[in-house]
Protein chains: 2
Amino acid sequence: MTDKILYEGKAKVVFATDDPNVVRLYYKDDATAFNGVKKGTIDGKGYYNNAISEILFKLIEEAGVPTQLIERTSEREMLAHTLKMIPLEVVVRNVAAGSASKRLGIPEGTPFKRPTLEFFYKDDDLGDPLVNEYHIFNLMEISSEDLELLGIYTFKVNDAVRPFLLERGIRLIDFKVEYGYDNEGRIRLGDELSPDSCRFWDAETNEKMDKDRFRRDLGDIEAFYAEVLRRVSNPPA
Amino acid sequence: MTDKILYEGKAKVVFATDDPNVVRLYYKDDATAFNGVKKGTIDGKGYYNNAISEILFKLIEEAGVPTQLIERTSEREMLAHTLKMIPLEVVVRNVAAGSASKRLGIPEGTPFKRPTLEFFYKDDDLGDPLVNEYHIFNLMEISSEDLELLGIYTFKVNDAVRPFLLERGIRLIDFKVEYGYDNEGRIRLGDELSPDSCRFWDAETNEKMDKDRFRRDLGDIEAFYAEVLRRVSNPPA
């Protein structure tokens with residue numbers, strides 16, 4: 001096994017393997033927010049997010065969206081398809097919260113009339129600005145078919161994950177995903193789907209079960225990440 | 001003639017007339033920038049913008065986009081169709097400049113690969129945020145057909161005005177338009193098309209001939225507004 005680091009991000013490390021088509025993802029406990037301005041550690045986060053992502057990636061794959069997951073190999077690691085990432089964060093929002101709530105003047109907790117799709121251009125220096133399709137075609141090489149597919153896939157993720165979570169007592173408020181091309185040129189959902197990248201609210205109490213506990217200093221962060229894993233690991237209540 | 005003010009904006013006053021389908025627009029010399037933070041007066045601006053808008057509105061109407069213009073009646077006034085305005089600023093950019101240049105990290109003066117369409121939600125408290133179609137459907141009542149029409153119309157404006165100006169020594173860098181429904185429910189281009197709402201650069205020198213001279217304290221503001229009127233009033237050089 002090689003230990004060559006291909007890329008180190010805020011929450012994960014990507015290691016090479018002997019197979020150029022396969023990478024090893026290591027999930028870290030490091031947490032950042034507000035474009036890296038706030039930094040910290042959430043004990044066990046790497047374990048929770050790796051395990052939660054595995055469960056949700058399998059669900060998503062069954063729903064017809066190719067993912068990067070090959071298999072989870074340890075508490076904090078999974079083998080994944082090598083991807084050339086597309087520098088976009090693709091967001092679907094079911095309920096207004098966070099930055100969208102502020103930007104649009106819609107009180108947090110207000111359901112959107114219909115799920116709302118957004119693209120953000122991944123660029124730390126620019127603060128990951130909201131972009132539309134015209135901006136995207138100017139900023140990168142991507143076909144209109146592929147860009148459309150990102151939207152279709154992300155709505156499919158929502159349609160699969162939202163009811164799965166609701167049956168387990170979790171409201172999917174919004175989530176962010178990223179995509180990349182595998183070595184055969186196929187678009188796959190990459191990165192992770194976890195309390196770091198989604199807003200999860202308890203379906204009964206609307207209590208936050210996600211990284212907003214870190215962003216907003218709400219406490220009990222580890223306990224809520226663990227609770228999300230417990231709920232998604234078990235059959236519907 | 002009535003003097004009842006229906007609406008007073010930053011740059012224009014809308015007066016009622018005896019005909020509920022017709023309003024009288026008065027173009028002011030007041031200038032604002034940065035969402036009203038910077039204020040001033042540009043001598044003669046009302047006259048120049050009224051006259052420039054008349055010329056461009058006629059051109060746009062000929063290109064198949066209904067406008068609010070009925071007729072210019074004095075130096076600073078025009079009669080116009082009564083419109084119920086749609087709270088969107090519709091922008092087409094041919095060349096990166098201003099806020100888009102900063103937001104996307106594209107140096108000012110870089111041509112876009114193709115004209116780029118943007119929608120901003122008109123809300124002073126929110127700072128007129130960039131929105132996409134999903135946001136728009138959540139923020140207001142508008143059909144997808146009508147929203148699509150706003151895009152089609154705005155590209156038609158670009159296709160008509162851009163070559164007209166270039167023949168007169170002016171590059172159309174970007175522009176902002178607004179639309180409304182007339183009393184028969186027809187969408188018409190409203191507001192104005194002037195150095196206040198467009199970026200005009202001299203085709204030879206790239207000197208700015210628009211409100212950026214006010215925003216950026218470049219001086220000679222009145223002279224450049226007058227020069228734009230002189231060029232659009234005359235046949236191609």
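See the structure shown above.
Residues numbered from 1 in each chain as written. Chains lettered and ligands numbered in written order. Predicted model: local features only at pLDDT ≥ 70, side-chain atom pairs only at ≥ 80, totals over all residues. Heavy atoms only, no water.

Across its full length, chain A holds six helices and 15 strands. In terms of C-alpha radius of gyration, chain A reaches 17 Å, essentially the compact-globule figure of 18 Å for 237 residues. For the C-alpha atoms alone, the extent of chain A along its principal axes is close to 45 × 40 × 35 Å. Scored against the burial criterion, the 237 residues of chain A give a buried share of 56%. For chain A, restricting intrachain contacts to residue pairs at least 6 apart in sequence, the fraction spanning at least 24 positions comes to 57%. Approximately 10500 Å² of chain A is accessible, and the part contributed by carbon and sulfur atoms is 50%. (Helix = DSSP H or I, 4+ residues; strand = E, 2+ residues; numbered from the N terminus. Rg over C-alpha atoms; globule rule 2.2 N^0.38 Å. Buried < 20%, exposed > 50% of the residue type's maximum accessible area, 1.4 Å probe, protein only. Contact = heavy atoms within 4.5 Å. Areas by Shrake-Rupley, 256 points an atom, 1.4 Å probe, with all protein chains shown as cover.)

The next subject is the interface of chain B and chain A. Listed per partner, the contact involves 25 residues of chain B and 25 residues of chain A. Carbon and sulfur atoms make up 56% of the area that chain B and chain A hide from each other, which totals about 2300 Å². Here chain B is connected to chain A by two salt bridges. Between Lys113(A) and Glu141(B) there is a salt bridge, with its nearest N and O atoms 3.5 Å apart. When contributions to the side of chain B that touches chain A are tallied by element, the ones reaching two or more residues are α2 (98–104), β10 (111–121), β11 (130–131) and α3 (133–139) of chain B. Tallying contributions element by element places β10(B) first for the side of chain B that touches chain A, with seven residues. When grouped by side-chain class, the residues that make up the side of chain B that touches chain A number 14 nonpolar, five polar and six charged. (Buried area = accessible area lost by both parts, 1.4 Å probe. Salt bridge = Lys/Arg side-chain N within 4 Å of Asp/Glu carboxyl O. Nonpolar A, V, L, I, M, F, W, Y, C, P; charged D, E, K, R; others polar.)

On to the sheet that holds strand β3 (residues 22–27) of chain B. All names here are of chain B. Judged by pairing direction, the sheet is antiparallel, and its five strands sit side by side in the order β1-β2-β3-β7-β6 without closing on themselves. Since the sheet does not close on itself, it has two edges, and those belong to β1 (5–8) and β6 (69–74), each with one partner. Mean inter-strand twist for the sheet, computed between neighbouring axes without regard to direction, equals 25°. Relative to strand β2 (residues 12–16), β1 is paired through three bridges, and the arrangement is antiparallel. Each residue of the ladder has a partner; that of Tyr7, found in β2, is Val14. (Pairing = 2+ DSSP bridges. Axes fitted to C-alpha atoms, helices over the stretch in contact; angles between N-to-C directions.)

Before going further, it helps to examine the side chain of Ser197(B). All names here are of chain B. Assignment of secondary structure puts Ser197 in the loop between β13 (187–190) and β14 (198–202). Overall, Ser197 belongs to the buried group, its relative accessible area being 9%. With residues up to four places along the chain from it excluded, the contact list for Ser197 reads Phe175, Lys176 and Glu192.

Before going further, it helps to examine the packing of helix α1 (residues 45–62) of chain B against helix α6 (residues 221–233) of chain B. Residues and elements named next belong to chain B. The geometry of α1 relative to α6 is characterised by a closest axis approach of 10 Å and an angle of 25° between their N-to-C directions. Taken together, the axes of α1 and α6 lie roughly parallel to each other. Where α1 crosses over α6, the two elements pack in a sense that is left-handed. In contact with Lys45, Tyr47, Tyr48, Asn49, Ala51, Ile52 and Ile55 of α1, α6 contributes Glu222, Tyr225, Ala226, Val228, Leu229, Val232 and Ser233. Per-class residue counts for the contact of α1 with α6 are ten nonpolar, two polar and two charged. (Parallel < 35°, antiparallel > 145°, perpendicular 65-115°, else oblique. Left-handed = near helix turned anticlockwise from the far one by under 90°.)

This part takes up the packing of aromatic side chains. Residues and elements named next belong to chain A. In the structure shown here, the tally under the stated rule is six aromatic pairs over all chains. For the pair Tyr47 and Tyr48, a centre-to-centre distance of 5.3 Å together with 50° between the ring planes defines the contact as tilted. Take Tyr48: its relative accessible area is 16%, and that puts it in the buried class. For Arg24, the ring lying beneath its charged end belongs to Phe15, and the centroid distance is 4.3 Å. Over the aromatic face of Phe164 sits the side chain of Arg168, whose NZ or CZ is 3.8 Å from the ring centroid. (Phe/Tyr/Trp six-rings, centres within 6.5 Å; stacked < 30°, edge-to-face > 60°. Lys NZ or Arg CZ within 6 Å of the ring centre and 35° of its normal.)

Superposing chain B onto chain A takes a rotation of 180° plus a shift of 0.0 Å along the axis, which leaves an RMSD of 0.0 Å. Here the copies are linked by what is in effect a two-fold axis. Taking C-alpha positions as reference, the residue of chain B nearest the rotation axis is Asn132(B), located at 3.4 Å. (Least-squares fit on C-alpha atoms with pLDDT ≥ 70 in both.)

Moving on, we get to α1(B). Residues and elements named next belong to chain B. The terminal C-alpha atoms of α1 lie 26 Å apart, and with 18 residues this matches the ideal 26 Å at 1.5 Å per residue to within 8%. For α1, the tally of buried residues reaches 13 of 18 residues, placing the bulk of the element in the interior. Of the residues trailing α1, Gly64 is marked for its positive phi of about 100°. (Expected span 1.5 Å × (residues − 1).)

All names here are of chain A. Taking burial as the measure, the six residues of strand β3 (residues 22–27) include five buried ones, the bulk of the element. In the sheet, strand β2 (residues 12–16) pairs with β3 via five bridges, with the strands oriented antiparallel. What sits directly across from Phe15, in β3, is Arg24. Turn length for the β2-β3 hairpin, with the two strands adjacent in sequence and antiparallel, is five residues.

Attention shifts here to the pairing of strand β7 (residues 77–81) of chain B. The two faces of a sheet get side chains in turn, since along a regular strand they alternate between them. Residues and elements named next belong to chain B. Across five bridges, the pairing between β3 and β7 is antiparallel. When the sheet's bridge partners are listed, Tyr26 is paired in β7 with Glu77. Pairing geometry for β6 and β7, over four bridges, is antiparallel. The residue of β7 that forms the bridge with Ser74 is Glu77.

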